[in-house]
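# Remarks on the overall topology
Here is what each chain is made of, one letter per residue.
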Amino acid sequence: MLRVTYVLAAAGADAERTARFIAREQSVEVPEGTAPEVEARLVGRVERLEPAGAGAWRALIAYEPELVGGDVTQLFNLVFGNVSLLSGVRVVDVALPDALLAQLPGPRFGLAGLRAACGASTRPLFCTAAKPVGLDVAALARQCYRFARAGADIVKDDHNVADQPPARFAERVQRCQEAVARANAETRGGTLYFPNVSGPISDLAARLDAVARAGCRGVLVNLLPQGVDAARTIGARGLMVLAHPTMTGAFFGADHGVAPDVLLGTLFRMAGADGVIYVNAGGRFATWTVEQCQAINRSLRAPLGGVRPACPVPGGGVAATRVPYWVEQYGADTMFLIGASLLREPDVEAATRRVVEMLRRYEA
């Protein structure tokens, strides 16, 4: 059985009614007695209901894996579909049976694949971003060249650099990849360029074709607005998937939504993300705590049947000077996304090289 734990902001009797409503609504979505044979087989079961603090109850609801059918989009729908329209319902855990894990995409490369591609067996990884939107292709390519010259592991497009007039997608991918390849040839480095492929779903195949022709080995994708199944599609092309968290904040209410470690950890991982960006504690999204970030890290890296561990990628205001502190908090199996604090420096290449040298000290 697939088991989902919800925390309900409700009194006792209301909590029981809400839990039973969720179990039915998220599974068969018909009134009792509408389709007795189907209901007997597929209605979700409330296996446990217990107090979870003042004015809250914890409900464990079991669903038949048949309801997912190996479809990651339906997994998201089953866990928090129609009940997202209620108030006071928060998903805090998802436990997937091995048979269902085997049917879902999961990371094609995962943490180990990213490490192998970056040539870093034990040290923390380092990602940076070409930005901001509005720069032309030549300026973005120069940034990529400087980051690669300094030895960054991955240079990605910023998540809002898409197909705007100053830097159209096809030309940007070609020229930024060429800039990184030129820098690698000069330094004997191995920096990777991950373009942002988010955009119209009808054009996704063509964008992935352009990425492959350019010689890129992975991409950035805005997983929620693009559609969570995009990660499977990208992975099937043999490309690594770096998932951006844009729009996920809508789920992170105090008493409603999906816990960050469940959405960004378990669900994004099962969708096929090899690395998942999240906003780091102490950055410009000040509400996040170190404990929340550590929970995401654990969820992405924890043993999960035969599913590969994915790489946590804290960003959103990681200061280059504080990298040793964050390595201590999160461990070496982490990729640090550092962008703005490098771009503010008068010499971007020198600032980037300092971070690279700092992280190389952790190589065993």
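The following paragraphs examine the structure supplied in this document. Everything quoted here is computed from the prediction, not taken from an experiment.

## Things to note about the sheet that holds strand S2 (residues 45-51)
Taken in spatial order, the five strands make up an open sheet running S2-S3-S1-S4-S10, and their pairing is mixed. The open sheet is flanked by S2 and strand S10 (257-258), the only strands paired with a single partner. Sheet topology note: the strand S4 (residues 89-95)/S10 ladder contains two bridges and is parallel. In the sheet register, Val91 faces S10, and the bridge partner there is Val258.

## Considering the packing of aromatic side chains
Across all of its chains, the model carries four aromatic pairs by this definition. Considering the side-chain rings of Tyr325 and Trp326, the 4.8 Å spacing of their centres and the 75 degrees angle between planes classify their relative orientation as edge-to-face. Centre to centre, the rings of Trp326 and Tyr330 are 5.4 Å apart; their planes meet at 25 degrees, and the pair counts as stacked. Here Trp326 pairs with Tyr330, and both are found in helix H13 (residues 323-330), just four residues apart, close to one helical turn. Of the two residues, Trp326 and Tyr330, neither departs from the other in class, the shared state being buried. For the cation-ring pair, Arg322 lies above Tyr325, with the distance from its terminal atom to the ring centre recorded as 4.4 Å.

## Looking at helix H8 (residues 204-214)
Among the residues of H8, Leu204, Arg207, Leu208, Ala210, Val211 and Ala214 are the ones counted as buried. Mapping the buried residues of H8 onto a view down its axis gives an arc of 155 degrees, with all of them on the same face. Buried residues belonging to H8 abut helix H7 (169-187), strand S8 (218-222), helix H9 (223-226) and helix H10 (230-236). Of the residues flanking the end of H8, it is Gly215, one or two places downstream, whose phi is positive at about 95 degrees.

## Regarding the side chain of Glu39
In this structure, Glu39 sits in helix H2 (residues 36-42). A relative accessible area of 9% means that Glu39 is categorised as buried. Apart from residues lying up to four places away in sequence, Glu39 is in contact with Arg24, Val28, Val30, Pro31, Glu32, Gly33 and Thr34.

## Considering the side chain of Gln177
As for its position among the elements, Gln177 is in helix H7. When its relative accessible area of 12% is taken as the criterion, Gln177 is described as buried. Among all residues touching Gln177, those that are not within four sequence positions of it are Arg172, Tyr193, Ala214, Gly215 and Cys216.

## What about the pairing of strand S12 (residues 311-315)?
Along any regular strand, the residues point their side chains to alternate faces of the sheet. Extensive coverage of S12 is indicated by the burial of five of its five residues. Burial along S12 is two-sided: Cys311, Val313 and Gly315 facing one way and Pro312 and Pro314 facing the other are all buried. In terms of strand pairing, strand S11 (residues 275-279) meets S12 through five bridges, oriented parallel. Of the residues in S12, the one forming a bridge with Ile277 is Val313. Note on the crossover from S11 through helix H12 (residues 290-301) to S12: the handedness is right-handed.

## With respect to the layout of surface pockets
Estimates place the volume of the largest pocket at around 510 Å³. Lining the largest pocket are 30 residues, with Val279, Arg284, Phe285, Gly315 and Gly316 positioned closest to its centre. Mapped by element, the contributors of at least two residues to the lining of the largest pocket are S11 and helix H14 (340-343). The dominant element in the lining of the largest pocket, judged by the number of residues it contributes, is S11, at three residues. Classifying every residue of the lining of the largest pocket by side-chain character gives 15 nonpolar, 10 polar and five charged.

## Looking at the nonpolar core
Among the nonpolar cores identified, the biggest contains 101 residues, and Leu2 and Leu75 are the most heavily contacted of them. Considering each element in turn, this core owes the most residues, seven residues, to helix H11 (residues 260-271). What Leu2 contacts, discounting residues up to four positions off in sequence, is Ile61, Ala62, Tyr63, Pro65, Val68, Leu75, Leu78, Val94, Ala95, Leu96, Pro97 and Leu100. Counting residues in each nonpolar core, the second largest holds 18 residues, with Cys127, Leu220, Ile277 and Leu337 among its members.

## What about the sheet that holds strand S7 (residues 192-194)?
If you walk across this open sheet you meet the four strands as S7-S6-S5-S13, and the pairing is parallel. This sheet does not close on itself; its edge strands, each paired only once, are S7 and strand S13 (335-337). Taking the axes of each pair of neighbouring strands and ignoring which way they run, one obtains an average angle of 25 degrees across the sheet.

## So, the environment of Val161
Here Val161 is to be found in the loop between strand S6 (154-157) and H7. In this structure the C-alpha to C-alpha distance between Val161 and Pro132, which are 29 residues apart in sequence, comes to 7.4 Å.

## Let's talk about the packing of H7 against H8
Each packed pair of helices is defined by two parameters, the angle between the axes and the distance between the axes. In the contact formed by H7 and H8, the axes pass within 9 Å of each other and the chain directions differ by 20 degrees. Taken together, H7 and H8 sit at an angle that is classed as roughly parallel. H7 and H8 meet at a crossing whose hand is right-handed. Every residue of H8 that contacts H7 at Phe169, Val173, Gln174 and Gln177 is listed here: Arg207, Ala210, Val211 and Ala214.

About the cut-offs
- Each chain has its residues counted from 1, running along the sequence as written.
- Local features in this predicted model are restricted to residues whose pLDDT is 70 or higher, and side-chain atom pairs enter the listing and the counts only when it is 80 or higher, whereas totals over whole chains, interfaces and linings include all residues.
- As a rule here, side-chain values cover all heavy atoms of the structure and leave hydrogens and water aside.
- In this analysis, strands are considered paired if DSSP registers two or more bridges between them.
- Every helix listed is a DSSP run of H or I at least four residues long, and every strand listed is a run of E at least two residues long, numbered separately from the N terminus.
- Each Phe, Tyr or Trp ring (for Trp, its six-membered ring) is paired with any other whose centre lies within 6.5 Å, and the angle between the two planes then decides the class: stacked below 30 degrees, edge-to-face above 60, tilted in between.
- Relative accessibility under 20% of the residue-type maximum defines a buried residue, over 50% an exposed one, and the middle range a partly exposed one, all with a 1.4 Å probe and only protein chains included.
- Ring-over charges, as used throughout, are those where CZ of Arg or NZ of Lys falls within 6 Å of the ring centre and within 35 degrees of the ring normal.
- The arc in question is formed by the directions pointing from the helix axis toward the C-beta atoms.
- Here, residues are in contact when the closest pair of their heavy atoms is within 4.5 Å.
- Looking down the strands as they point away from the viewer, one classifies a crossover as right-handed if the path from the first strand across the helix to the second runs clockwise.
- Only protein atoms enter the 1 Å grid used here, on which a cavity is any set of points holding a 1.4 Å probe that cannot leave and a pocket is any open set flanked by protein within 12 Å on both sides along at least five of seven lines; residues with an atom within 4 Å of a point are listed as lining.
- Grid points are joined across faces, edges and corners, and a volume is the space filled by probe spheres set on the points.
- Note on residue categories: nonpolar means Ala, Val, Leu, Ile, Met, Phe, Trp, Tyr, Cys or Pro, charged means Asp, Glu, Lys or Arg, and polar means any other residue, Gly included.
- Among buried residues, the Ala, Val, Leu, Ile, Met, Phe, Trp, Tyr and Cys ones that are joined through side-chain atoms within 4.5 Å form a nonpolar core.
- Angles here are taken between N-to-C directions and fall from 0 to 180 degrees, while the axes themselves are lines fitted to C-alpha atoms, restricted in helices to the stretch in contact.
- The cut-offs work like this: below 35 degrees is roughly parallel, past 145 is roughly antiparallel, 65 to 115 is roughly perpendicular, and the gaps in between are oblique.
- Should the near helix be turned anticlockwise from the far one by less than a right angle, the crossing is termed left-handed; should it be turned clockwise, right-handed.

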